[in-house]
Amino acid sequence: MKGVRLKDITKMFGNMHGVKDLNIDIQPGEFFTFLGPSGCGKTTTLRMIAGFYYPTEGKIFFDERDVTTLQPNKRDIGMVFQNYALFPHMTVNENIAFGLEVRKFTKAEIKQKVDKVRGLVRLGQYGERKINELSGGQQQRVALARALVIEPDILLLDEPLSNLDAKLREETRIEIKRLQAELGVTTVYVTHDQTEAMAMSDRIMVMEDGYIQQIGTPQQIYNRPMNRFVSTFIGESNMIEMKIKSVDREQVIVENGHGISLKGQLANSSPLAPMRVGETVHVSIRPEVIHQGEGENVLTGTITFVEFTGLSVNYIVDIPGITLKVMIINTGGELLAIGDSIQLNIPSPSLYFLGE
Amino acid sequence: MKKRTIQPRQDSRWARLTRSPSFIYVLISPLFLILFAYVIYPFYQTFLQSFGSETGLANYKRFFSLESTANLEALWTSVYISVISVITCAIVGVTMAFLLERYDFPGRRILSVLVLVPMALPPLVGVLSFTFLYGESGIIPRGLQHLFNLQQAPFSLKGVWGVIVVHTFTMYTYFYLTASAAIKGLDPSLEEAATNLGASRIRIWRKIILPMLTPSIVAAALLVFMISMASYTAPLIFGVERTMTMQIYLSRTNGNLDMAATQSTILSFVSITFLITMRWYQNRRNYQNLSKGIGVHRSEVKSKVMRMVSIILSVIGVIILLLPILTLILISFSVDGTWTIQVLPPQYTFDHYIALFTDERTWRPIWNSLQMGFVATVGNILFGVAAAYAMVRLNFKGKTLLDILIMVPWALPGTVVAVNLIAAFSEENIFAFNQVLIGTFWILPLAYFIRHLPLVFRSTSASLMQMDQSIEEASRSLGASWWMTFRRIVLPLTMTGILAGTLLAFVQSIGEFVASILIYSTSTMPLSVAIFQKMYAFKFGTACAYGVLQIILILIVLTISEKLSKGSAGSAI
């Protein structure tokens, strides 16, 4: 297993920057995800690791070796493409064997390896099938098998689940994670789907407009986002602009212009937030941390929208100066209706303070 | 089991060179060199020659002078014939497209197959069968004369109108193909929406259907105009001397090479202008109306009277479409020299077909054409595949130039291509490896190569465009070199496209007449020139047997191409 290190990477396309000043250090055996909206530069970065683009500036290392301008066929990388890029004129076996033939394995070795990996991705009896006789999910597993059979140092996955339907996507997600854990291969995964990223990754890099927004574990990214972009891109969040009224070692009290004040903890703030009295900060409150009834930070408001999803009841609640999205876990009780008054509380550790 | 990794070689000087961004220009330079040597340079030589040895613009003055108006008349006749041809082809082609795509009537199926028959007729053979059928001593005029005991034939095809009729028959398919594709692409819900909004049938036609067909009709019109301007065979056979192509031919045979060059340059100018207009028009065309998936509904012809009328018209249509080929087959069995004033040839024999393959003198032109076509087509494959790959997959400055340079020889009339080659290769030069090419075996393959330059190129680029680039990247990331990727992945996946273009180029080379007649040498006389000569020696049977052979070849190729394009569904993942 090899680690991947990107040092001061910038990629220009004409006058536009694809990505700018990336510094990433991916550990051997790690499952590392590039997450971001389309056009954020995540695929560009992946393609530089694969060798399909050369960076305009900066260097790429696999362990200690500089591979910045090494040709893609010399990199020993397994890659799964978004559209799978299977060879349509070959059978499943021929597709999987292609990389082994390049590496000059004997016929017997090839057969043994192909059979083994086909079992691994549960395509046992499909070896002689043509690619266009397979379903989307099966094609996806062939692509995975083809990338894994060469026992690559690094596995690159470019939105591999985006062409599957919802149920299959979840199954395949678990499958990929299982294989990765079993083989321990360093994996770089590109996706725009935050659920996928959260569920699979050891660490996530959130990107926007070619820049890194944050690198961290799924928990860090979700619970301690660095800025407003990360906070709203990952999960849902109520973002409220408030002024700091008082700060001490532990406690922060913020207020808005309508007489509402909330109590939070100083530890729950982004390093970029200006935590001084009089400063304006953005308070991020996830809909699921808001509860009904008495407790800390009690607020009373009027319901303007009700949505029942089975798992939860979602309300939109108007409070003077604030509109809150609220998610209450469904416990089988009565629903409130539009126009009803509701009492809410927010535990103080659930407030998170962000800067601009 | 041990793991095997690919050992990277040390960075050699070569490896660093190939990685430099300018290395791509080393790769594509052979393409530009070939185009320069065999397209631009001959063109330039003609251009130089058009000014004559010492007289400057004298030739151009003479061309446009009002004292001897032969050239101006020729230009006018060419334009006149072309404009009328566009109109008649448009009427026939678009009407056919509408009838066959929008209506269901008895005979529709057979008509929709036969409607493409004119495409299987090589130009020279087509014109010949028309003169046999409708010419002054043709079967139909004489038949009618005998039937009704007339003093003379009631009508016959000759002169300008003969040319126009032949043009209409052979070129309406361009309108038919583009129009029927456009009609298929018309979303029926647009019409339904218009009806729903209260529009009448006529209004829908005027405001919805015709405007949406305009782009394809204009494109076909430009194409037909260009081909008509370049038309040479029909004017030659119908004896219309005052057209541009005939004037070039006459100047050349009279030894007035400078004037031929001048006329060529002027005709090239017209053709290239049209090529550029066509490309410009196609680029600004929008394809938004091409929604797929929904079939066009055909209205059934219901009333009894209309059904009868449609049956009769279908029968007439089938006869008109099939007659030229049937005539050729019939005459190919006639004994040479026996058919004089009778309606139909009086004596029949199978000898011509036997002679084709047994008599050394009759077999010779076939063998010549096969050889020369083969050489030209190999050239077309090598150039076409390389150029298509460069065009679709590589990024370099000068793409548009490459594209236009490949299209230019196709837009140039065959006559002009021949004159250009004469101007360039009558003397030793570096591009001909210091040989004189005129008069050798190599000049005709070169002419075929140039004339059919875009065929393999276009069909290959079409298949390449269908093939997702990530398939190549997958192969590369699995460790395959560029060459292995090209051999194992790209070639197999684009093979159908390459083959389709190759077959077309080969068949066209076998039938090429226009350039051949100007530059062939007697030792390597091609098939088409042999047909022409047999015709003038009144050996109609042999000439037609040659023609039938060509048609069979074309039909085989069309069938294979059709199969290929259907079988390629698997590559479209």
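**Quick notes on the overall build of chain B**
Then step 1. When you go through chain B residue by residue, the secondary structure sums to 25 helices and two strands.
Then step 2. Over its C-alpha atoms chain B spans a radius of gyration of 26 Å, differing by no more than 12% from the 25 Å that the globule rule assigns to 573 residues.
Then step 3. With the C-alpha coordinates of chain B rotated into their principal frame, the extents come out at 95 × 70 × 55 Å.
Then step 4. Taken over 573 residues, chain B has a buried fraction of 43%.
Then step 5. Contacts spanning at least 24 positions in sequence make up 78% of the contacts within chain B whose residues lie at least 6 apart.

**A word on the overall build of chain A**
Then step 1. A tally of regular secondary structure across chain A gives eight helices and 20 strands.
Then step 2. Projected onto its principal axes, the C-alpha positions of chain A cover 75 × 50 × 35 Å.
Then step 3. A separation threshold of at least 6 residues defines the contact pool for chain A, and within that pool the share at least 24 residues apart is 67%.

**Quick word on the domain arrangement of chain B**
Residue and element names in this part refer to chain B.
Then step 1. Assigned domains within chain B: domain 1 (72–245 + 286–330) and domain 2 (351–573).
Then step 2. A straight line from the C-alpha centre of domain 1 to that of domain 2 covers 28 Å.
Then step 3. On the side of domain 2, 20 residues touch domain 1, which itself brings 16 residues to the contact.
Then step 4. Of all the secondary structure elements, the ones that give two or more residues to the side of domain 1 that touches domain 2 are helix H6 (123–134), helix H10 (201–230) and helix H14 (304–332).
Then step 5. Tallied by class, the residues present in the side of domain 1 that touches domain 2 amount to 14 nonpolar, two polar and no charged.

**So, the domain arrangement of chain A**
Residue and element names in this part refer to chain A.
Then step 1. Here chain A is partitioned into domain 1 (4–229) and domain 2 (236–354).
Then step 2. Taken over C-alpha atoms, the centre of domain 1 sits 39 Å from the centre of domain 2.
Then step 3. Contacts between domain 1 and domain 2 engage four residues on the former and five residues on the latter.

**As for the interface of chain A and chain B**
Then step 1. Taken residue by residue, the interface counts 26 residues in chain A and 25 residues in chain B.
Then step 2. Counting residues per element, the ones that place at least two in the side of chain A that touches chain B are strand S6 (77–80) and helix H2 (92–102) of chain A.
Then step 3. Broken down by element, the side of chain A that touches chain B gets its largest block of residues, three residues, from H2(A).
Then step 4. Across the side of chain A that touches chain B, the residue classes tally to 15 nonpolar, six polar and five charged.

**Here's the deal with the packing of helix H16 (residues 360–393) of chain B against helix H22 (residues 482–511) of chain B**
Residue and element names in this part refer to chain B.
Then step 1. Contact geometry of H16 with H22 gives a least axis separation of 9 Å together with a crossing angle of 145 degrees. Between H16 and H22 lies a crossing whose hand is right-handed. Across from Ser 369, Leu 370, Met 372, Gly 373, Ala 376, Thr 377, Asn 380, Ile 381, Gly 384 and Val 385 in H16, the residues of H22 making contact are Ile 498, Gly 501, Thr 502, Ala 505, Phe 506, Ser 509 and Ile 510.
Then step 2. Grouping the constituent residues of the contact of H16 with H22 by class yields nine nonpolar, eight polar and no charged.

**Some words on unusual backbone geometry**
All names here are of chain A.
Then step 1. Phi at Asp 21 is positive, roughly 50 degrees, even though this residue is not glycine.
Then step 2. Assignment of secondary structure puts Asp 21 in strand S2 (residues 16–26).
Then step 3. What makes Asp 21 partly exposed here is the crowd of 13 C-beta atoms within 10 Å.

**Some thoughts on the environment of B:Pro235**
Residue and element names in this part refer to chain B.
Then step 1. Tracing the sequence through the fold places Pro 235 in helix H11 (residues 233–237).
Then step 2. For the pair formed by Pro 235 and Val 165, sequence separation is 70 residues and the distance between their alpha carbons is 11 Å.
Then step 3. Beyond its immediate stretch of four places on either side in the chain, Pro 235 contacts Val 163, Val 240, Thr 243, Thr 245 and Met 246.

**Some thoughts on the packing of helix H18 (residues 414–425) of chain B against helix H19 (residues 443–451) of chain B**
All names here are of chain B.
Then step 1. Relative orientation of the contacting elements H18 and H19 amounts to 130 degrees, with a least axis distance of 10 Å. The orientation of H18 with respect to H19, classified from their angle, is oblique. Viewed along their axes, H18 and H19 form a crossing whose handedness is right-handed. The segment H18 lies against H19, with Gly 414, Val 417, Ala 418, Leu 421 and Phe 425 engaging Ile 443, Leu 446, Ala 447, Ile 450 and Arg 451.

**Thoughts on the sheet that holds strand S14 (residues 280–285) of chain A**
Residue and element names in this part refer to chain A.
Then step 1. Across the sheet, which stays open at both edges, the five strands sit in the order S13-S12-S11-S14-S20 with antiparallel pairing between neighbours. The open sheet terminates on both sides in strands that have one partner only, identified here as strand S13 (261–265) and strand S20 (352–354). Averaged over all adjacent pairs, the angle separating strand axes in this sheet is 45 degrees, with direction ignored.
Then step 2. Note that strand S12 (residues 251–255) and S13 share five bridges and pair antiparallel. Residue Val 252 lies in a different strand from S13, and its bridge partner there is Gly 264.

**Describing the nonpolar core**
Then step 1. With 208 residues, the main nonpolar core has A:Leu156, A:Val188, B:Val224, B:Leu421, B:Ala447 and B:Ile519 as its most contacted residues.
Then step 2. Here A:Val188 is in contact with A:Val4, A:Ile26, A:Phe32, A:Phe34, A:Leu46, A:Ile49, A:Ile154 and A:Leu156, once residues within four sequence places are set aside.
Then step 3. Among the nonpolar cores identified, the runner-up in size contains 20 residues, and A:Met242, A:Val254, A:Ile285 and A:Phe353 belong to it.

**Brief notes about helix H4 (residues 136–148) of chain A**
Residues and elements named next belong to chain A.
Then step 1. Here H4 is 13 residues long and its end C-alpha atoms lie 18 Å apart, about the 18 Å a rise of 1.5 Å per residue gives.
Then step 2. With 10 of 13 residues buried, H4 lies mostly within the body of the structure.
Then step 3. Taken together, the buried positions of H4 are occupied by Gln 139, Gln 140, Arg 141, Val 142, Ala 143, Leu 144, Ala 145, Arg 146, Ala 147 and Leu 148.
Then step 4. Among the structural elements, S6, H2, helix H3 (107–120), strand S7 (154–158) and helix H5 (166–183) are those in contact with the buried residues of H4.

**Some thoughts on the environment of B:Ile28**
All names here are of chain B.
Then step 1. Mapped onto the elements, Ile 28 comes out in helix H2 (residues 23–49).
Then step 2. In sequence terms Ile 28 and Ala 199 are 171 residues apart; their C-alpha atoms lie 56 Å from each other.
Then step 3. Setting aside residues up to four positions removed in sequence, Ile 28 forms contacts with Ala 390 and Phe 396.

**As for helix H20 (residues 453–466) of chain B**
Residues and elements named next belong to chain B.
Then step 1. The element H20 is extensively covered by neighbouring structure, given that 11 of its 14 residues are classed as buried.
Then step 2. Looking at H20, one finds that the buried residues are Leu 453, Pro 454, Leu 455, Val 456, Phe 457, Arg 458, Ser 459, Thr 460, Ser 461, Ser 463 and Leu 464.
Then step 3. For H20, the elements touching its buried residues are H16, helix H17 (399–411), H19 and H22.

**Focus: the pairing of S12(A)**
For a regular strand, the rule is simple: side chains alternate between the two faces of the sheet.
Residue and element names in this part refer to chain A.
Then step 1. Side-chain alternation along S12 places Val 252 and Val 254 on a buried face and Gln 251, Ile 253 and Glu 255 on a face that remains uncovered.
Then step 2. Bridging between strand S11 (residues 238–247) and S12 involves four bridges; their strand directions are antiparallel. When the bridges of S12 are listed, Lys 243 appears paired with Glu 255.
Then step 3. Adjacent in sequence and paired antiparallel, S11 and S12 are bridged by three residues.

**Describing the confidence of the model for chain B**
Low-confidence regions, as indicated by low pLDDT, have predicted coordinates that should not be scrutinised in detail.
Residues and elements named next belong to chain B.
Then step 1. Across chain B, the average pLDDT comes to 81, with 91% of residues at 70 or higher.
Then step 2. The least confident element of chain B is helix H1 (residues 13–19), whose mean pLDDT is 66; the most confident is helix H21 (residues 469–477), at 91.
Then step 3. Under a pLDDT of 50 for its full length, residues 287–293 has, in the predicted model, five contacts with residues more than four places off or in other chains.

**Some thoughts on the sheet that holds strand S5 (residues 65–66) of chain A**
Then step 1. A sheet is described by the order of its strands in space; here four strands give the open sequence S2-S1-S4-S5 (chain A), paired in antiparallel fashion. Among the strands making up the open sheet, the edge pair consists of S2 and S5 of chain A.

**Thoughts on the environment of A:Arg65**
Then step 1. Positionally, A:Arg65 belongs in strand S5.
Then step 2. The exposed category is assigned to A:Arg65, around which 10 C-beta atoms lie within 10 Å.

**A look at the pairing of S6(A)**
All names here are of chain A.
Then step 1. Burial of the side chains of S6 extends over both faces: Ile 77 and Met 79 are buried on one face and Gly 78 and Val 80 on the other.
Then step 2. With four bridges joining them, S6 and S7 adopt parallel strand pairing. If you follow Met 79 over to S7, its bridge partner there is Leu 156.

What counts, and where the lines are drawn
Residues numbered from 1 in each chain as written. Chains lettered and ligands numbered in written order. Predicted model: local features only at pLDDT ≥ 70, side-chain atom pairs only at ≥ 80, totals over all residues. Helix = DSSP H or I, 4+ residues; strand = E, 2+ residues; numbered from the N terminus. Rg over C-alpha atoms; globule rule 2.2 N^0.38 Å. Buried ≥ 20, exposed ≤ 12 C-beta atoms within 10 Å, placed from the backbone. Contact = placed C-beta atoms within 7 Å. Domains from an automatic or database assignment. Nonpolar A, V, L, I, M, F, W, Y, C, P; charged D, E, K, R; others polar. Axes fitted to C-alpha atoms, helices over the stretch in contact; angles between N-to-C directions. Left-handed = near helix turned anticlockwise from the far one by under 90°. Parallel < 35°, antiparallel > 145°, perpendicular 65-115°, else oblique. Pairing = 2+ DSSP bridges. Core = buried A, V, L, I, M, F, W, Y, C linked by C-beta atoms within 7 Å. Expected span 1.5 Å × (residues − 1). pLDDT = per-residue confidence, 0-100.

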